[in-house]
Amino acid sequence: MTGSAIDDKVIIINKPPGLTSHEVSTYVRKITGASRAGHAGTLDPDVSGVLPVALGKATKLLRYIAGKEKTYVGIVKFKRIMGRGEVEALFAKFTGELTQTPPKISAVRKVPRKRTVYTLRLLELKGRLALFETRVDAGTYIRTLCDDMGKVCGGARMTELRRTAVGKITEKGAHTMTELIDAVWFLKNKGEGAMLDKMLVMPETLIGLPRAHIKESSLKSILSGAQIMIPALEKITDVKKGGRVALYCGDSFVGVGVMAIDAGELQHRSKGLAIKLERVHWRAKG
């Protein structure tokens, strides 16, 4: 009963330190009875914070839920005592586009890659410890960022880290594993599902893509895998060629596609390919 009730949903978990992201996903699957589970945006075992966990069919939408930006709060420990102005100047040097090489413990290839640090803000300074907040590209290694700063200032290392946001998904909507266990217990033993319902999120609400609406008359063929031609479109926001869009039919989510032409060209053309279908994920409204 529980599995069928939660499949195709997402739960935002407040990941505790000491567990891998994979372990958290596995525990969530077993607790809820979901057919399968997966997470968006891996966190190191010792890092806590926002971890979206998709259940059942929603796992196929994880790549769109992960978001391009992540926000963290952490503590960096310097080898020597530095003044506030010196730390802020150091942070300024490491704001913007940087080149990083993933650390040895990461599972990806150890090749240099470009990443952007959008903000790196000093919150508090006490002795050799600096509390900071940073908003970065997905795939940015904060531990590496701290190590790289240490090479400039005489030594630094990250001591604590917490992810507070994945894109627009913030820790305000995150739930602990204990809260999830309690919610499932109430559903199974008391028949009260309100607590669990509040934790479950429709995956499409977490996909921050511009929308393209298709005509109802074209829905059946699109659900069968047909590409989205210009006559099938009802309305669309201004999206450039190559940009992704969330597909809707009325208020119902249909899937995700990639623009084959600039949206601005649509008004001058009556036929041809408009959107390349990338993922069908139909759920009728209601």
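Peer 1: Would you mind going over the overall build of the protein chain in detail, with residue names and values included?
Peer 2: Each helix and strand counted, the protein chain has 8 helices and 16 strands in total. Each of the three principal axes of the protein chain carries a C-alpha extent, and together these read 70 × 55 × 30 Å. In the protein chain, which comprises 286 residues, the proportion classed as buried is 45%. Put simply, of all contacts in the protein chain between residues at least 6 apart along the chain, 65% involve residues at least 24 apart.

Peer 1: Requested: an account of the packing of helix α4 (residues 84-93) against helix α5 (residues 142-153), with residues and values cited.
Peer 2: Two elements in contact, α4 and α5, have axes whose closest approach is 11 Å; the angle formed by their N-to-C orientations is 120 degrees. One element, α4, and the other, α5, form an angle in the oblique class. Helix-helix and strand crossings are classified by hand; for α4 and α5 the assignment is right-handed. Where α4 approaches α5, its residues Leu90, Phe91 and Lys93 are matched on the opposing element by Met149, Val152 and Cys153. In terms of residue class, the contact of α4 with α5 is built from 5 nonpolar, no polar and 1 charged.

Peer 1: An account of helix α6 (residues 177-190) is needed here, citing residue identities and associated values.
Peer 2: Given a rise of 1.5 Å per residue, 14 residues ought to cover 20 Å, and the 19 Å separating the end C-alpha atoms of α6 matches this to within 8%. Where α6 is concerned, the buried positions are Met177, Leu180, Ala183, Val184 and Leu187. An end-on view of α6 places all buried positions within 125 degrees of arc, on one side of the element. Away from its buried face, by an angle of more than 90 degrees, α6 presents the exposed residues Thr178 and Lys190.

Peer 1: Explain the packing of helix α2 (residues 21-32) against α6 to me, using residue names and the numbers behind them.
Peer 2: Remark: α2 packs on α6, axes separated minimally by 10 Å, with the N-to-C direction vectors making an angle of 15 degrees. Taken together, the axes of α2 and α6 lie roughly parallel to each other. Remark: the crossing between α2 and α6 carries right-handed chirality. For the pair α2 and α6, contact is made by Val24, Tyr27, Val28, Ile31 and Thr32 and by Met177, Leu180, Ile181, Val184 and Lys188, respectively.

Peer 1: Tell me what's going on with the nonpolar core, and back it up with residues and numbers.
Peer 2: Residues Val76, Phe78, Phe91, Leu120, Phe132, Ile142 and Met149 are the most contacted members of the largest nonpolar core, which totals 25 residues. When contributions to this core are tallied by element, the ones reaching two or more residues are β4 (69-78), α4, β6 (113-126), β7 (129-137), α5 and β8 (156-166). With 5 residues, the single largest contributor to this core is α5. Ignoring sequence-local partners within four residues, the contact set of Ile142 consists of Tyr72, Phe132, Thr134, Val136, Met158 and Leu161.

Peer 1: Which residues make up the sheet that holds strand β16 (residues 273-280), and what are the values?
Peer 2: If you trace the 6 strands from one edge of the open sheet to the other, you get β12-β16-β15-β14-β11-β13, paired in mixed fashion. Every interior strand has two partners, whereas the edge strands, β12 (228-229) and β13 (233-236), have only one.

Peer 1: Describe the environment of Cys249, listing the residues and the values that go with them.
Peer 2: Following the sequence through the fold, Cys249 ends up in strand β14 (residues 244-249). Sequence separation between Cys249 and Lys215 is 34 residues, and the spatial gap between their C-alpha atoms is 6.4 Å. If we ignore the near neighbours within four places in the chain, the residues touching Cys249 are Ile214, Lys215, Glu216, Leu219, Val254 and Trp282.

Peer 1: For the packing of aromatic side chains, give the residues involved together with the corresponding values.
Peer 2: One pass over the structure, following the stated rule, counts 3 aromatic pairs. With a centroid separation of 6.3 Å and an interplanar angle of 75 degrees, the aromatic rings of Phe91 and Phe132 are classed as edge-to-face. Of the two residues, Phe91 sits in helix α4 while Phe132 sits in strand β7, which places them 41 residues apart along the sequence. On the basis of an interplanar angle of 85 degrees and a centroid distance of 5.3 Å, the ring pair of Trp185 and Phe186 is categorised as edge-to-face. Over the face of the ring belonging to Tyr248 we find Arg211, whose NZ or CZ atom lies 3.9 Å from the ring centre.

Calculation notes
Residues numbered from 1 in each chain as written. Predicted model: local features only at pLDDT ≥ 70, side-chain atom pairs only at ≥ 80, totals over all residues. Heavy atoms only, no water. Helix = DSSP H or I, 4+ residues; strand = E, 2+ residues; numbered from the N terminus. Buried < 20%, exposed > 50% of the residue type's maximum accessible area, 1.4 Å probe, protein only. Contact = heavy atoms within 4.5 Å. Axes fitted to C-alpha atoms, helices over the stretch in contact; angles between N-to-C directions. Parallel < 35°, antiparallel > 145°, perpendicular 65-115°, else oblique. Left-handed = near helix turned anticlockwise from the far one by under 90°. Nonpolar A, V, L, I, M, F, W, Y, C, P; charged D, E, K, R; others polar. Expected span 1.5 Å × (residues − 1). Arc of directions from axis to C-beta. Core = buried A, V, L, I, M, F, W, Y, C linked by side-chain atoms within 4.5 Å. Pairing = 2+ DSSP bridges. Phe/Tyr/Trp six-rings, centres within 6.5 Å; stacked < 30°, edge-to-face > 60°. Lys NZ or Arg CZ within 6 Å of the ring centre and 35° of its normal.

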